Amino acid sequence: MMQQQKEKYRHDYRATDYTITNIHLDFDLNADITTVTAISTVVLQGKAGTPLVLNGKDLRLINLQIDGKEPTRYRLEEDILIIEELPNTFTLTVKTLIYPKNNTALDGLYLSKKTICTQCEAEGFRHITFYLDRPDVLARFTTRILADKKQYPYLLSNGNLVNFGDTGEGKHWVVWEDPFPKPSYLFALVAGNFDVLQDKFITCSGREVKLEIFVDCGNLERADWAMASLKRAMRWDETRFGFEYDLDIYMIVAVDFFNMGAMENKGLNIFNAKYVLARMDTATDIDYLNIERVIGHEYFHNWTGNRITCRDWFQLSLKEGLTVFRDQEFSSDIGSRVVNRINNVRIMRSEQFAEDASPMAHPIRPDKVIEINNFYTLTVYEKGAEVIRMLHTLLGEEKFQAGMRYYVSRHDGNAVTCEDFLVSMEEAVKIDLTLFRRWYSQSGTPLLTVRDDYNNTLNQYTLYVTQKTLPTLDQPEKKSLHIPLDIELYDVHGAVIPLQYNGVMLNKILNINESIQSFTFDRVPSRPIPSLLRNFSAPVRVDYPYRDKELITLMLFSTNDFSRWDATQSLLSIYVRLNVTLYQTGNSLNLPLHIVDAFRKILSNPGLDPALVAEIIMLPTENEMASWFDCVDPIAIHHVRNVLTIWIANELRDEFLTVYRSNPRGIYRIEHRDIGLRALRNCCLYYLAFGDEKLAVHLITEQYHQADNMTDTLAAIVAATAAQLPCQNQLLTQFDDRWYQDGLVMDKWFKVQATSPAPDVLYKVKTLLNHRSFNLKNPNRVRALIGAFSSNNPAAFHEVNGNGYAFLVEILTDLNIYNPQLSSIMVEPLIRVKRYNLERQKLMYSALEDLKNLENLSGDLFEKVSKALTKV
Ligand code: B3K
Ligand code: ZN
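Since the model is a prediction, treat every value here as computed from it, not as a measurement.

### Some remarks on the coordination of the zinc ion (ligand 2)
Each donor-metal-donor angle would ideally measure 109.5 degrees in four-coordinate tetrahedral geometry, or 90 or 180 degrees in six-coordinate octahedral geometry.
Turning to step 1, where the next piece is worked out: On the protein side, the zinc ion (ligand 2) has His297 (NE2), His301 (NE2) and Glu320 (OE) as donor atoms, found 1.9 to 2.1 Å from it.
Turning to step 2, where the next piece is worked out: Relative accessible area serves as the criterion here: at 7%, His297 is assigned to the buried category.
Turning to step 3, where the next piece is worked out: Judged by its relative accessible area of 0%, His301 is buried.

### Observations regarding the UniProt feature "domain: Peptidase M1 alanyl aminopeptidase Ig-like fold" (unreviewed entry) in the protein chain
Turning to step 1, where the next piece is worked out: Cross-referencing UniProt, the feature "domain: Peptidase M1 alanyl aminopeptidase Ig-like fold" (unreviewed entry) maps to residues 444–544 in the present numbering.
Turning to step 2, where the next piece is worked out: What you have in residues 444–544 is 0% helix and 49% strand, and the ends, taken at the C-alpha atoms, are 20 Å apart.

### Quick word on the sheet that holds strand E4 (residues 52–55)
For sheets, the rule is that strands pair by backbone hydrogen bonds, running either parallel or antiparallel.
Turning to step 1, where the next piece is worked out: Within the open sheet, the three strands sit side by side as E4-E7-E6. Their pairing is antiparallel. Two strands close off the open sheet at either side, each with one partner strand: E4 and strand E6 (73–77). Within the sheet, the average angular offset between the axes of one strand and its neighbour, ignoring direction, is 15°.
Turning to step 2, where the next piece is worked out: Across five bridges, E6 lies against strand E7 (residues 80–84) in antiparallel orientation.

### Let's talk about the site of ligand 1
Turning to step 1, where the next piece is worked out: Residues in close proximity to ligand 1 total 14 residues, the closest being Glu121, Glu264, Glu298, Asn373 and Tyr381.
Turning to step 2, where the next piece is worked out: One of the side-chain N or O atoms of Lys319 is found 3.4 Å from a nitrogen atom in ligand 1.
Turning to step 3, where the next piece is worked out: Of all elements in the fold, only strand E19 (262–263), helix H2 (285–300) and helix H3 (316–334) reach the threshold of two or more residues within the shell around ligand 1.

### Quick word on the pairing of strand E8 (residues 89–98)
Turning to step 1, where the next piece is worked out: When you tally the buried positions in E8, you get seven out of ten residues, the bulk of the element.
Turning to step 2, where the next piece is worked out: Pairing of strand E3 (residues 34–44) with E8 involves ten bridges; the strand directions are antiparallel. Note on E8: the bridge partner recorded for Val36 is Thr96.

### Observations concerning unusual backbone geometry
Turning to step 1, where the next piece is worked out: The peptide bond linking Glu121 to Ala122 adopts the cis configuration, its omega dihedral lying at 0°.
Turning to step 2, where the next piece is worked out: If you check the backbone angles, Leu533 has positive phi at about 55° while not being a glycine.
Turning to step 3, where the next piece is worked out: Tracing the backbone through its elements, the reader meets Leu533 in the loop between strand E33 (529–531) and strand E34 (541–543).
Turning to step 4, where the next piece is worked out: When its relative accessible area of 2% is taken as the criterion, Leu533 is described as buried.

### Some words on the packing of aromatic side chains
Turning to step 1, where the next piece is worked out: Tallied over the entire structure, the rule returns 37 aromatic pairs.
Turning to step 2, where the next piece is worked out: Here Tyr154 and Phe214 contribute two aromatic rings whose centre-to-centre distance is 5.5 Å and whose plane-to-plane angle is 75°, an arrangement assigned as edge-to-face. Of this pair, Tyr154 sits in strand E12 (residues 154–157) while Phe214 sits in strand E17 (residues 208–215), and the two are 60 residues apart along the sequence.
Turning to step 3, where the next piece is worked out: Residue class for Tyr154 comes out partly exposed when judged on its relative accessible area of 29%.
Turning to step 4, where the next piece is worked out: In this structure Phe214 comes out as buried when scored by relative accessible area, which is 1%.
Turning to step 5, where the next piece is worked out: Taking 4.5 Å as the distance between ring centres and 70° as the angle between the ring planes, the aromatic pair formed by Tyr544 and Tyr546 counts as edge-to-face.

### Things to note about the sheet that holds strand E16 (residues 195–202)
Turning to step 1, where the next piece is worked out: On the basis of which strands lie adjacent, the open sheet formed by five strands has the order E16-E17-E18-E20-E19 and mixed pairing. Every interior strand has two partners, whereas the edge strands, E16 and E19, have only one.
Turning to step 2, where the next piece is worked out: Where E19 and strand E20 (residues 268–272) come together, two bridges link them in antiparallel fashion. Bridge pairing in E20 links Ala262 to Phe271.
Turning to step 3, where the next piece is worked out: Set on the sheet, H2 makes contact with strand E18 (249–255), E19 and E20; between it and E20 the angle comes to about 150°.

### Details of the UniProt feature "domain: Aminopeptidase N-like N-terminal" (unreviewed entry) in the protein chain
Turning to step 1, where the next piece is worked out: With numbering matched to this structure, UniProt assigns "domain: Aminopeptidase N-like N-terminal" (unreviewed entry) to residues 25–186.
Turning to step 2, where the next piece is worked out: Secondary structure across residues 25–186 divides into 0% helix and 56% strand, with the first and last C-alpha atoms of the span separated by 14 Å.

### What about the side chain of Arg534?
Turning to step 1, where the next piece is worked out: Mapped onto the elements of the fold, Arg534 is located in the loop between E33 and E34.
Turning to step 2, where the next piece is worked out: Residue class for Arg534 comes out buried when judged on its relative accessible area of 8%.
Turning to step 3, where the next piece is worked out: A polar contact of 2.8 Å, which involves the side chain of Arg534, links it to the side chain of Asp486.
Turning to step 4, where the next piece is worked out: In this structure Arg534 touches Asp486, Ile487, Glu488, Lys508, Thr559, Asn560, Phe562 and Ser563, once residues within four positions along its chain are discounted.

Each value, and the rule that gives it
Residues numbered from 1 in each chain as written. Chains lettered and ligands numbered in written order. Predicted model: local features only at pLDDT ≥ 70, side-chain atom pairs only at ≥ 80, totals over all residues. Heavy atoms only, no water. Donors = N, O, S within 2.8 Å, 3.2 Å for Na, K, Ca; no water. Buried < 20%, exposed > 50% of the residue type's maximum accessible area, 1.4 Å probe, protein only. UniProt positions renumbered as here; feature names shortened; annotations may be inferred. Helix = DSSP H or I, 4+ residues; strand = E, 2+ residues; numbered from the N terminus. Pairing = 2+ DSSP bridges. Axes fitted to C-alpha atoms, helices over the stretch in contact; angles between N-to-C directions. Near = heavy atom within 4 Å. Polar contact = N/O pair within 3.5 Å; in protein donor to acceptor, adjacent residues only side chain to side chain. Phe/Tyr/Trp six-rings, centres within 6.5 Å; stacked < 30°, edge-to-face > 60°. Contact = heavy atoms within 4.5 Å.

Below is the structure:
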């Protein structure tokens with residue numbers, strides 16, 4: 001049954017009455033039962049005589065002492081321990097029992113296969129001991145671990161190893177000391193048996209840092225790329241941000257069971273193995289780049305997150321938005337800026353915009369929360385990064401970095417707020433961010449409506465810009481925001497027209513800060529084509545009535561590669577929307593030849609980066625197309641995308657074949673040029689799969705068998721499945737036989753089948769739940785099979801018989817019990833009810849009602865389900 005779960009409000013923040021300055025943790029480690037003794041120095045900082053309220057969940061309290069004696073007054077309530085009549089400073093000793101093996105939620109101390117590890121963000125530490133488990137309590141940690149030597153030869157925690165020894169009886173112990181005060185969410189412990197990749201890094205000031213990556217035995221050869229990425233990240237952070245690493249050791253441990261990507265624990269990152277392990281035959285180019293990005297992200301948290309942390313969890317974007325911005329810049333500086341930008345924008349438009357319009361809409365700094373784990377969202381992370389990016393655009397690199405330096409000098413070692421960050425920026429570079437601040441408090445996606453007027457007598461051109469943000473479930477009223485709008489003007493031949501007025505050259509960034517504004521340019525010789533929101537200069541939608549010809553000019557001649565891609569998206573959106581209507585009204589589709597002609601020109605332009613060509617000519621996913629509609633018809637979109645694919649495949653068959661054959665495979669290297677060539681060739685193969693069947697089967701089978709790397713292997717299988725070629729089953733079986741023991745590789749195999757256009761895909765997905773490589777307890781497997789089906793196969797998931805929804809409810813019924821965080825991630829496609837027509841809405845509401853009535857509904861699911869069921 002739906003319980004009443006309480007919302008917490010940002011405005012209710014209060015500092016704690018007590019703080020903890022030091023904690024000594026002692027673990028007598030065992031997978032079944034672990035004894036934790038925590039000895040903390042507690043200091044009063046509020047009113048004397050106030051009770052101490054500690055958080056603790058699923059703990060068995062064995063012993064409690066204040067200065068060595070049992071306290072006179074204390075009581076245990078649900079999830080808290082209250083101790084009264086306390087001195088102003090005292091030593092608190094808490095002994096608890098915990099059960100790692102039973103911890104299927106993977107929150108706190110748990111067992112991942114044979115490794116014991118922790119996940120403490122956001123509130124996992126309270127599953128380990130009673131504590132002030134909140135980010136504004138910063139303590140020095142020492143950790144002693146005692147465990148069986150054979151099972152757990154490696155015993156790790158944060159900071160430096162200061163002591164170790166044997167107790168005899170097959171047990172050994174270690175003591176780790178972290179010199180940096182930290183909040184409990186950054187605590188980590190790992191015990192297990194590993195192969196270790198060792199290296200070192202000399203920092204800019206000449207200090208040597210030991211680097212260690214711990215992987216399952218036998219996986220050492222798959223850790224090289226992660227190590228190389230770590231060293232690149234460390235160097236980049238010194239060069240671009242001036243941030244040097246601060247401990248003498250940096251460790252990364254890869255585990256198989258992990259709810260998210262990775263965790264930035266001080267000195268001891270714990271990673272989902274997916275973001276560490278790579279070998280050319282097991283990982284795709286995209287996997288390699290993701291590993292580099294996530295390794296970078298967690299490393300960058302050392303300054304933006306660990307040294308300066310969040311005062312409370314409402315401030316999460318303080319560390320996450322900023323750190324995503326930093327990892328995006330890292331990937332762009334060392335790889336392809338345009339490809340990175342395109343991929344970030346794809347996610348913003350297809351995923352974050354959908355979240356911003358969903359029942360879970362929230363500002364990047366949320367105001368109210370039931371379960372904080374529900375707010376590790378695309379809004380807090382990706383939109384948060386876009387907000388930092390806008391600030392960067394407005395200030396420029398130099399001033400932005402000056403602001404960063406000032407922020408760090410003021411707040412190093414503290415737990416602070418987004419407001420503190422903004423004030424630092426304002427003070428450092430003397431800028432007023434009053435209006436800009438609204439990005440932190442307003443949810444929803446603004447729409448910029450742009451209209452124009454050309455006066456050919458005066459050679460003047462005027463842009464009229466209005467901004468409007470529609471109400472969201474959390475906020476009915478919206479205000480105007482400060483939106484940097486990056487523009488350029490082109491003539492019909494594709495030449496840039498300089499921006500000027502009255503003899504003054506104008507900035508390409510227009511400051512939109514009112515609901516209606518106009519901008520006039522003179523010396524504009526002819527009616528120009530505006531290139532709007534270049535580089536996606538703000539997380540907004542733009543409406544401008546482009547004609548096809550204008551978009552094609554931008555596609556072919558824009559000086560900015562991002563704009564070439566973006567113009568293609570706009571052009572496709574016109575025809576996808578038109579054809580969906582034609583399909584829905586039973587008319588034949590309209591397939592415009594000028595799109596194919598433009599694609600042909602792009603394909604045959606040798607001056608273009610192959611990676612960009614691939615981004616341009618590969619049709620957007622069905623989810624990306626869905627973002628172009630107010631009411632989404634997944635079946636119609638699927639049909640239109642399929643017809644467009646076949647049509648382009650036939651029209652450009654010769655060109656695809658030529659490009660496919662003219663880019664022979666060479667030695668496998670992870671370098672931008674090679675990655676781009678592979679992407680382009682595999683994009684051609686995808687289209688060829690929809691052409692002549694005999695040729696397609698030949699090319700795909702040949703590529704599958706000749707490939708020496710997973711990028712090409714997988715591309716062959718993806719193409720065969722997408723086009724439903726007769727060779728698909730054979731290839732899938734061969735892949736299964738080769739890789740069934742390797743979960744990470746099999747995730748690709750599960751995903752391909754879960755996103756198949758086959759009419760019986762749901763039946764297939766259900767069958768795969770029993771596959772030898774599947775495990776409902778492993779979050780990676782669940783995402784690869786069930787997540788891919790419900791999120792990436794919209795036509796199947798949203799079939800109007802409601803079977804997709806019923807299937808998800810069945811799975812969530814189990815997941816809700818043993819892994820609430822995962823269940824809450826998986827429910828997302830079901831809560832976006834309002835995007836669909838009434839027939840689907842009815843089915844979705846009924847599925848949500850079933851979830852609402854679950855016994856023991858977790859707070860995680862409750863928050864989303866109850867919001868989705870709120871009628872407005
Ligand atoms: N900070 C972690 C995420 C923790 C999620 C907790 N549910 C990883 C990251 O953003 O770097
Ligand atoms: Zn992060």
